[in-house]
Amino acid sequence: GAGVSQTPSNKVTEKGKYVELRCDPISGHTALYWYRQSLGQGPEFLIYFQGTGAADDSGLPNDRFFAVRPEGSVSTLKIQRTERGDSAVYLCASSLSVLEGQFFGPGTRLTVL
Amino acid sequence: EDQVTQSPEALRLQEGESSSLNCSYTVSGLRGLFWYRQDPGKGPEFLFTLYSAGEEKEKERLKATLTKKESFLHITAPKPEDSATYLCAVQVSGGSNYKLTFGKGTLLTVNP
């Protein structure tokens, strides 16, 4: 079956611009997660959705970051006024429940010039 | 604070040379320990979940084991296609039991 998909695969933007990153989870997975991975590091938790609601957004770095999942399936991570320090790979994962393993998408590589 | 430390940072093996990767963890209470494989430019690929000390799981040339303080990923007779970064992550019991806390990974290179 289809895995987690993320678009775009690469995004280059200029400092100060707004970007949206999209995640399509595995069908039927109610739990969805966003992580951020910098070079040479493991993924770091950003936000967790159970259904449509953000159950925990404590990992979002600041208020420039926001994520939605309006219909309980596709999620969008939104970054306002991007900064060079936002450059990283943004990973999305989904699972049947929090008790099950998380399956990751290929990631979106964001580069802020 | 929950911590995960992986060693070595990088490991170079000859094809057929067995070895082990280490993941040590400090958590308030462990719900599960996860191993992932990550190829360059790809997302992490799920390998194993271990839940209790003494548990072992195997998949092809890989075997994961768990103690109360660490986990090992044993690689038997590796092949060049096993080259990747191997990530370890923990999930704690209690309120934040959905969150994975990752180590930095071990970059494994298997030479033919």
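Think of each chain on its own: its residues are numbered from 1, step by step along the sequence as written. In the order they appear in the text, chains get letters beginning with A and ligands get numbers beginning with 1. Per-residue local features are limited, in this predicted model, to residues with pLDDT of at least 70; the limit for side-chain atom pairs, both in listing and counting, is 80 or more; totals at the level of whole chains, interfaces and linings are taken over all residues. Note that the side-chain values use all heavy atoms of the structure and ignore hydrogens as well as water.

Let's talk about the overall build of chain B
Along the backbone of chain B there are zero helices and eleven strands. Relative to a compact globule of 112 residues, whose C-alpha radius of gyration would be 13 Å, chain B shows 14 Å and is just as compact. Judged by the C-alpha coordinates and their principal axes, chain B covers about 45 × 30 × 20 Å. In chain B, which comprises 112 residues, the share counted as buried stands at 46%. In this description, contact between two residues means that some pair of their heavy atoms is separated by no more than 4.5 Å. When contacts within chain B are restricted to residue pairs at least 6 apart in sequence, those whose partners lie at least 24 apart make up 55%. Note that His is not counted, nor are the chain ends; the positive residues are Lys and Arg, and the negative ones are Asp and Glu. Every charge is mapped onto a representative atom, which is NZ of Lys, CZ of Arg, CG of Asp or CD of Glu. Charge-centre separation for chain B: the mean point of 13 positive side chains lies 4 Å from the mean point of 14 negative side chains. Here a helix means four or more residues in a row that DSSP labels H or I, a strand means two or more in a row labelled E, and each is numbered from the N terminus. Throughout, radius of gyration means the C-alpha value; the globule benchmark is 2.2 Å times the number of residues raised to the power 0.38. Burial here depends on accessible area, computed with a 1.4 Å probe over protein chains only, as a share of the maximum for the residue type. Under 20% is buried, over 50% is exposed, and the range in between is partly exposed.

Quick look at the packing of aromatic side chains
Pairs were defined over the aromatic rings of Phe, Tyr and Trp, the Trp ring being its six-membered one, requiring ring centres within 6.5 Å. Orientation was assigned from the angle between planes: stacked under 30 degrees, edge-to-face over 60, tilted for the rest. For the structure shown, the criterion picks out 13 aromatic pairs over all chains. Relative to Tyr98(B), the ring of Tyr48(A) has its centre 4.3 Å away and its plane inclined at 15°; by these criteria the two rings are stacked. A residue pair is termed interchain when its members come from two chains, as with Tyr48(A) in strand β5 (residues 44-50) and Tyr98(B) in the loop between β9 (84-92) and β10 (101-102). Of the two residues examined, Tyr48(A) and Tyr98(B), each falls in the buried class. A centroid spacing of 6.1 Å and a plane angle of 75° characterise the contact between Phe104(A) and Phe102(B), whose relative ring orientation is edge-to-face. Residue Phe104(A) is found in strand β10 (residues 103-104), and its partner Phe102(B) is found in strand β10; the two belong to separate chains. With relative accessibility at 10%, the residue Phe104(A) sits in the buried group. A relative accessible area of 10% places Phe102(B) in the buried class. Among the aromatic residues, ring-to-ring pairing joins Tyr33(A), Tyr35(A), Phe45(A), Tyr48(A), Phe103(A), Phe104(A), Phe34(B), Tyr36(B), Phe46(B), Tyr98(B) and Phe102(B) into one connected group.

Some thoughts on the nonpolar core
By size, the foremost hydrophobic cluster in this structure holds 22 residues, and its most contacted members are Leu33(B), Trp35(B), Leu73(B) and Tyr86(B). Mapped onto this core, the elements with two or more residues apiece are β2 (10-14), β3 (19-26), β4 (30-38), β5 (45-50), β7 (62-66), β8 (70-75), β9 and β11 (106-111) of chain B. Once you skip the residues sitting within four places of it in the chain, Leu73(B) turns out to touch Ser19(B), Ser20(B), Leu21(B), Trp35(B), Phe48(B), Leu62(B), Lys63(B), Ala64(B) and Tyr86(B). Buried Ala, Val, Leu, Ile, Met, Phe, Trp, Tyr and Cys residues form a nonpolar core when they are joined through side-chain atoms within 4.5 Å. Ranked by size, the runner-up nonpolar core spans 20 residues in total, among them Leu32(A), Leu46(A), Ala88(A) and Leu110(A).

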